[in-house]
Amino acid sequence: MNALAAVPPWVALATGILVLAGALLACIGSAGLLRLDTFYRRVHAPTLGTTLGMYLVLAGTIVFFWAGEGRPALHVILIGVCVTVTTPISLMLLARAALGRDRRAGTAGIPAADPSESGEDEREPRR
């Protein structure tokens, strides 16, 4: 007997709803990647949409394993922790690389790395 045959119908329904909602959010995040106009706006949509979508898919997986096999799905939680840690780091690195590229190219509307280069008054140092 496989694990799917032992799952009660309410667990299968809850798992299906969670996985479908997660896939829908990931799809919306991916659509934001196509629809938004600048790189800085475009980088946020898949990061936020797919992260929340991933949480819902992982929740569905945890519900399935817990009810179907009677044990917690610790490997699924580890996947969630790894994605939660790496997603913001990759977002930050991509944004910083793009900002450095745009500063070197002299793109309009990009703030200077040093406030004194932009001609603005410098802040007083903290004491």
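Residues numbered from 1 in each chain as written. Predicted model: local features only at pLDDT ≥ 70, side-chain atom pairs only at ≥ 80, totals over all residues. Heavy atoms only, no water.

Engineer: Got a minute to help me understand the overall build of the protein in this structure?
Structural biologist: Looking only at helices and strands, one finds 4 helices and 0 strands in the protein. Sorting the 127 residues of the protein into buried and exposed places 21% on the buried side. When the accessible surface of the protein is summed, it comes to about 9200 Å², and 68% of that surface belongs to carbon and sulfur atoms. (Helix = DSSP H or I, 4+ residues; strand = E, 2+ residues; numbered from the N terminus. Buried < 20%, exposed > 50% of the residue type's maximum accessible area, 1.4 Å probe, protein only. Areas by Shrake-Rupley, 256 points an atom, 1.4 Å probe, with all protein chains shown as cover.)

Engineer: What is the right way to read the pattern of salt bridges from this model?
Structural biologist: Pairing between side chains becomes possible if they bear opposite charge and their charged atoms approach one another. Applying the stated criterion to the full structure yields 2 salt bridges. In this structure, the salt-bridge partner of aspartate 37 is arginine 41, at a minimum N-O distance of 3.3 Å. Like aspartate 37, the residue arginine 41 is exposed in the burial classification. For arginine 101, the salt bridge identified is with aspartate 102, shortest N-O distance 3.3 Å. Judged by its relative accessible area of 46%, arginine 101 falls in the partly exposed class. (Salt bridge = Lys/Arg side-chain N within 4 Å of Asp/Glu carboxyl O.)

Engineer: Teacher, can you tell me more about the environment of valine 19 here?
Structural biologist: Of note, valine 19 is situated in helix α1 (residues 9-35). Distance in space between the C-alpha atoms of valine 19 and tyrosine 55 is 9.4 Å, their sequence separation being 36 residues. Residues contacting valine 19, with those up to four places away along its chain left out, are Leu56, Val57 and Gly60. (Contact = heavy atoms within 4.5 Å.)

Engineer: Could you clarify how one ought to interpret the confidence of the model for the protein in this entry?
Structural biologist: Should pLDDT be low for a region, the predicted coordinates there are not to be read in detail. A residue-level look at the protein finds 87% of positions with pLDDT of 70 or above and a mean pLDDT of 83. The secondary-structure element of the protein with the lowest mean pLDDT is helix α2 (residues 39-42), recorded at 85, while α1 shows the highest, at 91. (pLDDT = per-residue confidence, 0-100.)

Engineer: Help me out: how do you make sense of a nonpolar patch on the surface in this one?
Structural biologist: Together, Leu74, Ile77, Val81, Val85, Ile89, Met92 and Leu93 make up a nonpolar patch on the protein surface, roughly 630 Å² of accessible area in all. According to the relative accessible area criterion, valine 85 is partly exposed, its value standing at 47%. (Patch = residues over 30% accessible without salt bridge, like charges linked within 9 Å, V, L, I, M, F, W, Y side chains within 5 Å.)

Engineer: Help me understand the packing of aromatic side chains in this model?
Structural biologist: Each aromatic ring pair is characterised by the separation of its centres together with the angle its planes make. With the rule as written, the count across this model stands at 2 aromatic pairs. Taking the centre distance of 5.8 Å and the plane angle of 80 degrees together, the rings of phenylalanine 39 and tyrosine 40 count as edge-to-face. Judged by its relative accessible area of 31%, phenylalanine 39 falls in the partly exposed class. Between phenylalanine 64 and phenylalanine 65, the aromatic rings sit 5.7 Å apart at their centres with planes inclined by 75 degrees, giving edge-to-face as the arrangement. For phenylalanine 65, a relative accessible area of 18% translates into the label buried. (Phe/Tyr/Trp six-rings, centres within 6.5 Å; stacked < 30°, edge-to-face > 60°.)

Engineer: Looking at this structure, how should I read the environment of arginine 96?
Structural biologist: Here arginine 96 shows up in helix α4 (residues 74-105). A residue is classified by how much of its surface remains accessible, and arginine 96, at 56% relative accessible area, is exposed.

Engineer: Mind showing me how you'd approach the nonpolar core here?
Structural biologist: Val7, Val11, Met54, Leu58, Phe64, Phe65, Ala73 and Val76 together form the largest nonpolar core, which totals 8 residues. The leading source of residues in this core is helix α3 (residues 44-69), at 4 residues. Discounting chain neighbours no more than four positions away, the residues touching phenylalanine 65 are Gly70, Arg71, Ala73 and His75. (Core = buried A, V, L, I, M, F, W, Y, C linked by side-chain atoms within 4.5 Å.)

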